[in-house]
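# Coordinate inspection notes
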Amino acid sequence: MKKILVTGALGQIGSELVPKLREVYGIDNVIATDIKQEKQFWLTQSGPYETLDVTNAQAMFDIAKKHQVDTFIHLAALLSATAEAKPLFAWNLNMGGLVNALETAKELQCQFFTPSSIGAFGPSTPKDNTPQVTIQRPTTMYGVNKVSGELLCDYFNLKFGLDTRGVRFPGLISYVAPPGGGTTDYAVEIFYEALRRGQYTSYISQGTYMDMMYMPDALNAIIKLMEADPTKLIHRNAYNVTAISAQPEDFAAEIKKHIPHFKMNYKVDPVRQAIADSWPNSIDPTAAINEWGFSRNYNLEKLTSDMLEKLQQKLRQDVG
Ligand code: SER
């Protein structure tokens, strides 16, 4: 990774991955791109930035060629709940963007990363400790996109020798940029509401387990996988990674240790609950551990104290 292009740079992952990559690889070596052009995003002002609609193949190619990138990190995509509300739009954006990104990477001989998700699994997948290689028959448009994406990345690797790599991310939790439109978003919202109001109404029911991960672990996983010895990578697209398997009441109990008056309520959203019910309770990251040394630093306890501390500072700054 010497010169890196990131799509969806202003999204949940990109907002933190771009600064981290700039820290490690140098400011001028990370080209951030996003469909948004607003100047209020500090990222658009703090290093190379280009406005890019990922469905525009020519524009994407021109930007990548202009900056002579050797690494392509494709993040631009709709999350699960939004994709379910607009399935055709999601197909066109998620798959169209991915095909354009893979073609650009192929033409310019780039190393390639794109995230898959726990959404790539479905109701017929074994629910507990879900294996790396297993049944993948998702029932959501997001899941259909993710499985198709995994297969397409494998195809570009097999057919054209493109160095494609990916992980199946669980719900990602961070205090920087909100996710927006995902099923696991409750695990971010709960922290904002705990600090703002001392209570939260969860749209996911009690007893619903899903995998989660704190953003610093996710960023380390991306960099570690991209830096890994290619001869060790058997599964490539895409590796199960996880840090925490939790249900909403586990977050509530952990938050209560810091905010004793915190109160949790439930008002289940049937659409997002159905998506959550179709996903695993916990996934098995053994292949990622064995093939490129995946590890996590944050369990639920550590994540909760760090998240509350950092978010409190952020909310104070926003007010002040
Ligand atoms: N966090 C994502 C979502 O909920 C899952 O990959 O859509």
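It should be noted that the structure appears before, not after, this text.
Structure report, in brief. (Residues numbered from 1 in each chain as written. Predicted model: local features only at pLDDT ≥ 70, side-chain atom pairs only at ≥ 80, totals over all residues. Heavy atoms only, no water.)

## A look at the packing of helix 6 (residues 186-197) against helix 11 (residues 300-319)
Running from N to C, helix 6 and helix 11 point in directions that differ by 60 degrees, and their axes come no closer than 10 Å. The pairing of helix 6 with helix 11 is recorded here as oblique in orientation. For helix 6 against helix 11, the interelement crossing comes out right-handed. Between helix 6 and helix 11, the residues in contact are Val188, Phe191, Tyr192, Leu195 and Arg196 and Leu303, Thr304, Met307, Leu308, Leu311, Gln312, Lys314 and Leu315, respectively. In the contact of helix 6 with helix 11, the residues fall into 9 nonpolar, 2 polar and 2 charged. (Axes fitted to C-alpha atoms, helices over the stretch in contact; angles between N-to-C directions. Helix = DSSP H or I, 4+ residues; strand = E, 2+ residues; numbered from the N terminus. Parallel < 35°, antiparallel > 145°, perpendicular 65-115°, else oblique. Left-handed = near helix turned anticlockwise from the far one by under 90°. Contact = heavy atoms within 4.5 Å. Nonpolar A, V, L, I, M, F, W, Y, C, P; charged D, E, K, R; others polar.)

## Focus: helix 2 (residues 57-66)
Among the residues making up helix 2, those that are buried are Met60, Ile63 and Ala64. All buried residues of helix 2 fall inside an arc of 95 degrees around its axis, so they share one side. Across helix 2 from its buried face, at more than 90 degrees, point the exposed residues Gln58 and Lys66. At its buried positions, helix 2 is contacted by strand 1 (4-7), strand 2 (30-34), strand 3 (49-51), strand 4 (71-74) and helix 4 (87-108). (Buried < 20%, exposed > 50% of the residue type's maximum accessible area, 1.4 Å probe, protein only. Arc of directions from axis to C-beta.)

## Notes on the pairing of strand 10 (residues 199-202)
A regular strand places its side chains on the two faces of the sheet in alternate fashion. Alternating positions in strand 10 separate cleanly, Tyr200 and Ser202 being buried on one face and Gln199 and Thr201 remaining unburied on the opposite face. Pairing analysis gives 4 bridges linking strand 10 to strand 14 (residues 263-266), with the strands arranged parallel. When the sheet's bridge partners are listed, Tyr200 is paired in strand 14 with Met264. (Pairing = 2+ DSSP bridges.)

## Notes on helix 11
With 20 residues, helix 11 extends 28 Å between its outermost C-alpha atoms, agreeing within 8% with the 28 Å of an ideal straight helix rising 1.5 Å per residue. Buried within helix 11 we find Leu300, Leu303, Thr304, Asp306, Met307, Leu308, Leu311 and Leu315. On its buried side, helix 11 packs onto strand 9 (171-173), helix 6, strand 11 (210-214), strand 13 (244-246) and helix 8 (248-258). (Expected span 1.5 Å × (residues − 1).)

## Looking at the site of the ligand
Close contacts around the ligand come from Leu79, Ser80, Ser117, Tyr142, Gly171, Gly182, Thr183, Thr184 and Trp279, and that covers them all. The contact in question runs from an oxygen atom of the ligand to an N or O atom on the side chain of Ser117, over 2.6 Å. Taking Thr184, its side chain carries an N or O atom lying 2.7 Å from a nitrogen atom of the ligand. Protein contacts shield 93% of the accessible area of the ligand, which totals 240 Å² for the unbound molecule. Its atoms largely coinciding with the cavity grid, the ligand occupies the largest pocket. Grouping the constituent residues of the shell around the ligand by class yields 3 nonpolar, 6 polar and no charged. (Near = heavy atom within 4 Å. Polar contact = N/O pair within 3.5 Å; in protein donor to acceptor, adjacent residues only side chain to side chain. Areas by Shrake-Rupley, 256 points an atom, 1.4 Å probe, with all protein chains shown as cover. 1 Å grid on protein atoms, 1.4 Å probe; cavity = no way out; pocket = protein on both sides within 12 Å on 5 of 7 lines; lining within 4 Å. Sits in = over half its atoms within 2 Å of the grid points.)

## Overview of the side chain of Asp284
Structurally, Asp284 can be placed in the loop between helix 9 (270-278) and helix 10 (286-292). Of the side chains with opposite charge, Arg168 lies nearest to the buried Asp284, which makes no salt bridge, at 9.9 Å. Setting aside its immediate chain neighbours within four residues, Asp284 contacts Asn129, Thr130, Pro131, Gln132 and Asn240. (Lys, Arg positive; Asp, Glu negative; His and termini not counted. Salt bridge = Lys/Arg side-chain N within 4 Å of Asp/Glu carboxyl O.)

## Focus on the sheet that holds strand 7 (residues 164-165)
Pairing within the open sheet is parallel, and its 6 strands lie in the order 3-2-1-4-5-7. Each of the sheet's edge strands pairs with one partner strand only, and the pair in question is strand 3 and strand 7. As judged from the 3 bridges shared by strand 1 and strand 2, these two strands associate in the parallel manner. Directly across from Ile4, in strand 2, lies its bridge partner Val30. Here helix 2 sits on the sheet in contact with strand 1, strand 2, strand 3 and strand 4, set at roughly 165 degrees to strand 3. Running over the sheet, helix 7 (residues 215-227) touches strand 4, strand 5 (111-113) and strand 7 and is turned about 150 degrees from strand 5.

Geometry only, nothing functional implied.
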